[in-house]
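Structural features, examined
Each chain, letter by letter, is given below.
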Amino acid sequence: MNAEQLNQLSIENLRRLADRYDVDYAEDSESYELAEMVLEAVDEARAERERNNNHAISVQEKKYEIGRDNGFAPTEEITDSDGESFSIEQLYAETRLVLLLRDPAWAYAYWEISPADLERLTAQPGFEGLFLRVYELQTGIASSREAVGSFEIPVQIDDASWYINLPNQGTYYRISLIAVVNGVVETLTQSDTVVVPLGARAIEEGADPTSDTVLSQSGLLTMQVDTYEGRVPQRILSLIDE
Amino acid sequence: MSIGKLMLVLHAHLPYVRHPEYEHFLEESWLFEAISETYLPLLRAMDNLETDSIPFRLCISISPTVSAMLRDELLQQRYLRHVDTCLELAEKELDRTSSQPEFHNLARMYYELYSSNRLDFEEKYERNVLKGFDYHAKRGRLELITTSATHAFLPLYQSYPEAIVSQIHTAVDQHVEVFGKAPKGFWIPECGYYPGLEHHLRDAGIGYFFTAAHAVIFAHDKPHFGVYKPVSCPNGVAVFGRDAASANSVWSSEEGYPGDPNYRDFYRDIGYDLPLDYIGPYIHENEIRIPTGFKYHAISGKQPDKWPYDPAAARETVAAHAENFVYKQRRLMGKLGQLMGSTPVVTSPYDAELFGHWWFEGPMWLESVIRKIHATEGEIELVTPSQVLKEEPPQQTIQPAFSSWGNKGYSEVWLDHTNDWVYRHTHKAIERMIDLVDRYPDESSLRGRMLNHAAREVLLCMSSDWPFIMRAGTNVSYAVRRVKEHVHNFTRIYDSLSSGDISTEWLTKIEKRNNIFPNLDYRVFRRRSSEIEQSKILKMR
């Protein structure tokens, strides 16, 4: 949290912190130099985060102001008071793919290939690689074969997650994890379908001047909400009460 | 004659932090600070209004984790210990500042604050602060509602209706146990809404919930009155959209009231300022400096030298800000009334801990706003959600849109590179919990205890607070520890049930440690027809 705390850390821990914050340091950097660089990086990261925070999130962060590390706990072991380690499985030995919608333009996918599938694929000399196929669907219950469009994202065998930019809003997406063996594609698993909202007003401007004016009072511009496709009508913007 | 209805909604929430395995545990201070700086001062403000016969109506959401902690004997004892430590420091501060009048008065202010806190906590509320909220609720001044059991950010769990149902029903059950009646409304954590959530809310007897403004404004059907009238979901559950415009003047630290130079500075604290040999006993072990709650400076503008806090100047500023808030409400409502041809309903929700903890003068401001609204002689009417729905049921049905009140309005805060790893594990724990109910549909005795505790651990790992803290970067190791702890505990039970290797000693230990929801029945995770649930959601847009 501050220089005093950083100066109490060992050089190994300072290096670990420096790595965490992408600090570019020389191998022979002294502790005090590392501490200064880390402090600067942390301050920058914090300032960046605070710039991105809206009011609700800024206030909420203050609840957790008291903490043992405030971001500096490079060596704290994840154990309970009896020394029991809270180890968890990193993977679950199954082939699965999950798609989570983050906002109208981005989704997050995580996946896993079971050891058996992985062994089967990699044992084949013709194994060419993996990709994610992103399907845009016309309805939420449509199958991938009824997709209105799709695109592919090559992934490596060690990858396990990906943020996917969604080109369209007000639609549906589903993804598949696909292996290519000897030029033939094999769908390993597919995700559930996610509903992507418009992320903007659905109705064209001008249809109802009264409600447009009421809307202009609703804090449309101060909502700090990303809108997509520039759908906030000029007519409404012109009505915002200064 | 009323020109508008103002609905003030406070959401009180902290994650479940209780560590009996440690004699002192730093993060338990989150609760102690909230009791000292927010919950007791808010209750004091309500008592003052009652004493002066000023009527008021507020809606307060008290999260199940906060309720559970406030009722927990161990945490009650530890709060008393915390207050006693604060009082000891206050006495030392009275001595230390005896030759500095501007600080001495503040030391006295803190001495009086902590003395009142101790008295109210120990004697008035018999260690259970919830009694204070219940008191005002029973007199019709407060409408108490709940939120999801461990404050899970629900849109990221929408593929698991079992988890959504568990979060909602567990919360409702606990609310009934604590307050003796079912909640009519529900605070969806972080205003995190996805289409279809209302089905689960209705099934739990919930009649309304709150959303971010764009849930309503970006809905597929145009809301005729924006966020200024409640609307109805297609299944009949009512929605109140947040009025961002009126909220910003209170939330913003820069343009809003809390950033006024006369108000107490949040950051400057004697825990950082005074020599270690003096302040050492009142900060964290190993001489790690933390805030003590003793803050002697005003915000003072942007200059490096802050001036001493002046409570009288702050009180004057509170009165001016309360006046300004009421003036803005009156102006907004007047304009809206003309446009709408009927009385607008302005919904202003806030994090309860904003009042007092971050904005020290917040409870005083709230009291002052209520007094000034009373002085309008009915021009502005303070209302509760149920009162609004009774007087004027929603006239329009819309399907709200996916949204939250987080940055940029969606899930970014709870799903980014700092915290996305969490969901692989929490989702798996949920899937396994559902499998366990399939495999053991009717267990009691030891296996029943294991299953109930497994469900408890799943709920705990879903808290939105852990990914939130990871992103905030302020206490990452603790948040990581908590996710791993709960997933680990759950997995150990899951494996034990398969292998038959059950350690009752270990089970008893973690039951005592993570003792939230003692009456939880693991069957709340019973498998739902997810295809039907999913198809309901996918048909909406």
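Residues numbered from 1 in each chain as written. Chains lettered and ligands numbered in written order. Predicted model: local features only at pLDDT ≥ 70, side-chain atom pairs only at ≥ 80, totals over all residues.

Helix and strand content of chain A: seven helices and eight strands. The proportion of buried residues among the 242 residues of chain A is 31%. (Helix = DSSP H or I, 4+ residues; strand = E, 2+ residues; numbered from the N terminus. Buried ≥ 20, exposed ≤ 12 C-beta atoms within 10 Å, placed from the backbone.)

Before going further, it helps to examine the nonpolar core. Of all hydrophobic cores here, the largest spans 210 residues; its most connected members are Met7(B), Ile60(B), Met433(B), Ala454(B), Ala455(B) and Val458(B). For this core, the element with the highest residue contribution is helix 1 (residues 29–51) of chain B, accounting for eleven residues. Other than its neighbours up to four places away in sequence, Ala454(B) contacts Met433(B), Leu436(B), Phe490(B), Ile493(B), Tyr494(B) and Tyr522(B). Listed in part, the eight residues of the second largest apolar core include Leu14(A), Leu34(A), Ala35(A) and Val38(A). (Core = buried A, V, L, I, M, F, W, Y, C linked by C-beta atoms within 7 Å. Contact = placed C-beta atoms within 7 Å.)

This brings us to the sheet that holds strand 1 (residues 96–103) of chain A. Residues and elements named next belong to chain A. Read from one edge to the other, the open sheet built from three strands follows the order 1-2-5, with strand pairing classed as antiparallel. Looking at strand neighbours, the two that pair on one side only are strand 1 and strand 5 (161–165), the edges of this open sheet. This sheet shows a mean twist of 20° between the axes of neighbouring strands, independent of strand direction. As judged from the seven bridges shared by strand 1 and strand 2 (residues 106–112), these two strands associate in the antiparallel manner. What sits directly across from Leu99, in strand 2, is Ala109. (Pairing = 2+ DSSP bridges. Axes fitted to C-alpha atoms, helices over the stretch in contact; angles between N-to-C directions.)

This part takes up the domain arrangement of chain B. Residue and element names in this part refer to chain B. What the domain assignment reports for chain B is domain 1 (4–408) and domain 2 (415–538). With centres defined by C-alpha atoms, the gap from domain 1 to domain 2 works out at 28 Å. At the interface, 30 residues of domain 1 touch 26 residues of domain 2. Of all the elements in the fold, those that place two or more residues in the side of domain 1 that touches domain 2 are helix 2 (64–70) and helix 6 (161–179). Of the residues forming the side of domain 1 that touches domain 2, the biggest block, nine residues, is contributed by helix 6. Among the residues making up the side of domain 1 that touches domain 2, the classes are represented as 15 nonpolar, eleven polar and four charged. (Domains from an automatic or database assignment. Nonpolar A, V, L, I, M, F, W, Y, C, P; charged D, E, K, R; others polar.)

A few words now on the interface of chain B and chain A. Quite often, the size of an interface is put as the accessible area lost when its parts meet. Across the boundary between the two partners, chain B contributes 83 residues, which contact 67 residues of chain A. Breaking the side of chain B that touches chain A down by element, the ones donating at least two residues are helix 1, helix 8 (213–217), helix 9 (244–251), helix 12 (311–340), helix 15 (421–439), helix 17 (465–472), helix 18 (476–499) and helix 20 (530–538) of chain B. Among the elements that line the side of chain B that touches chain A, the one with the most residues is helix 18 of chain B, at ten residues. Of the residues contributing to the side of chain B that touches chain A, the split by class is 41 nonpolar, 25 polar and 17 charged.

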